Amino acid sequence: METRHSEVAVLKFILVPVKDLSRANERLASVLSNKQRTELAYVMLEDVFSAVGDSKLADNRVIVTLDRKAEKMALEEGFDVIREESQLGESSSVDLAIQVCRKMGAKSVLVIPGDAPLITGEDLDFVLEKEKKGKSVILVPSEDELGTNAILRKPPDSIPSMFGNDSFRKHREEAERRYVPCDIYKNFNISIDIDEPGDIDTFSHHGSHTKTYRKLLELGLIKEETGKNGAVAG
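Residues numbered from 1 in each chain as written. Predicted model: local features only at pLDDT ≥ 70, side-chain atom pairs only at ≥ 80, totals over all residues. Heavy atoms only, no water.

## What about the overall build of the protein chain?
Along the protein chain, the regular secondary structure elements total 9 helices and 7 strands. Taken over C-alpha atoms, the radius of gyration comes to 17 Å for the protein chain, in line with the 17 Å a tight globule of 234 residues would show. Summarising its shape, the C-alpha atoms of the protein chain cover approximately 50 × 35 × 30 Å along the three principal directions. Within the protein chain, the fraction of its 234 residues that count as buried is 53%. Here the protein chain carries 33 positive and 41 negative side-chain charges, and the mean point of each set is 3 Å from the other. (Helix = DSSP H or I, 4+ residues; strand = E, 2+ residues; numbered from the N terminus. Rg over C-alpha atoms; globule rule 2.2 N^0.38 Å. Buried < 20%, exposed > 50% of the residue type's maximum accessible area, 1.4 Å probe, protein only. Lys, Arg positive; Asp, Glu negative; His and termini not counted. Charge placed at Lys NZ, Arg CZ, Asp CG, Glu CD.)

## Some details on the sheet that holds strand S2 (residues 60-65)
Strand pairing in a sheet takes place through backbone hydrogen bonds and is either antiparallel or parallel in direction. Strand order in the open sheet formed by 7 strands is S3-S2-S1-S4-S6-S5-S7, with mixed pairing between adjacent strands. Two strands close off the open sheet at either side, each with one partner strand: strand S3 (80-83) and strand S7 (182-184). Each neighbouring strand pair of the sheet contributes to a mean axis angle of 20°, computed without reference to strand direction. Each of strand S1 (12-18), S2, S3, strand S4 (108-111) and strand S6 (148-154) is contacted by helix H3 (residues 90-103), which is oriented at about 150° to S1, the strand it contacts most. (Pairing = 2+ DSSP bridges. Axes fitted to C-alpha atoms, helices over the stretch in contact; angles between N-to-C directions. Contact = heavy atoms within 4.5 Å.)

## Structural notes on the pattern of salt bridges
On inspection of all chains with the given rule, the structure shows 20 salt bridges. Between arginine 27 and aspartate 195 there is a salt bridge, with the nearest N and O atoms lying 3.0 Å from each other. Separated by 168 residues along the polypeptide, arginine 27 in the loop between S1 and helix H1 (34-54) and aspartate 195 in the loop between helix H6 (188-191) and helix H7 (197-204) bring together distant segments of the chain. Residue classification places aspartate 195 among the buried positions, given a relative accessible area of 15%. Among the salt bridges present, the one from lysine 35 reaches glutamate 39, with a minimum N-O distance of 2.5 Å. Of this pair, lysine 35 and glutamate 39 both sit in helix H1, separated by 4 residues, roughly a single helical turn. On the basis of relative accessible area, lysine 35 is assigned to the exposed category, the value being 58%. Taking relative accessible area as the criterion, glutamate 39 reaches 25% and is therefore assigned partly exposed. Within the structure, one salt-bridge network assembled from shared partners comprises Lys35, Glu39, Lys215 and Glu218. (Salt bridge = Lys/Arg side-chain N within 4 Å of Asp/Glu carboxyl O.)

Quick look at the structure:
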């Protein structure tokens, strides 16, 4: 892995893990072609990058990725990039990136997904300002409370990453097992990601201000006059 910047003494980091987006959102295959899914993934990432850039409490912004287009986008937004040559899985990528962030000065790291385009800078600061003085974990679950859509760890490796099926429960249990105080906060904007057709309808009622919304209109998956998910309903 490589980073663009030299090591700097900063405290709060936001980290966005980005997989190979040429094969993104496979659960949307029933309504979008592979090319369309990839286009949508990059637009969602733009919205997430914009939110991260709007955070007033983050000292540094980082992505970990092997996707060269995502890397270019991040560099243009002033992010640091941890470059991967291969990827074993999201948890492995995040935990390796966290060690790099620690060397760069991070005392805490907030990890968020790249497919949650409703997130705003205020949402991220809401989580960052809840950070405790001592060792701690903060979790924000996905809408179904199965996934982990935000995790703030202090120190950054206080518990290992357990992304994937039922990660919210696994992260809670791991914090308990290691005697790390764990707080849970619900945040609607953070909880809504788009990785299956049913997510699009929920998003469409709240995301008209985003680039993702305009892309979904272009793809014919929502109708502006009703905000309904035409592709799924039809």
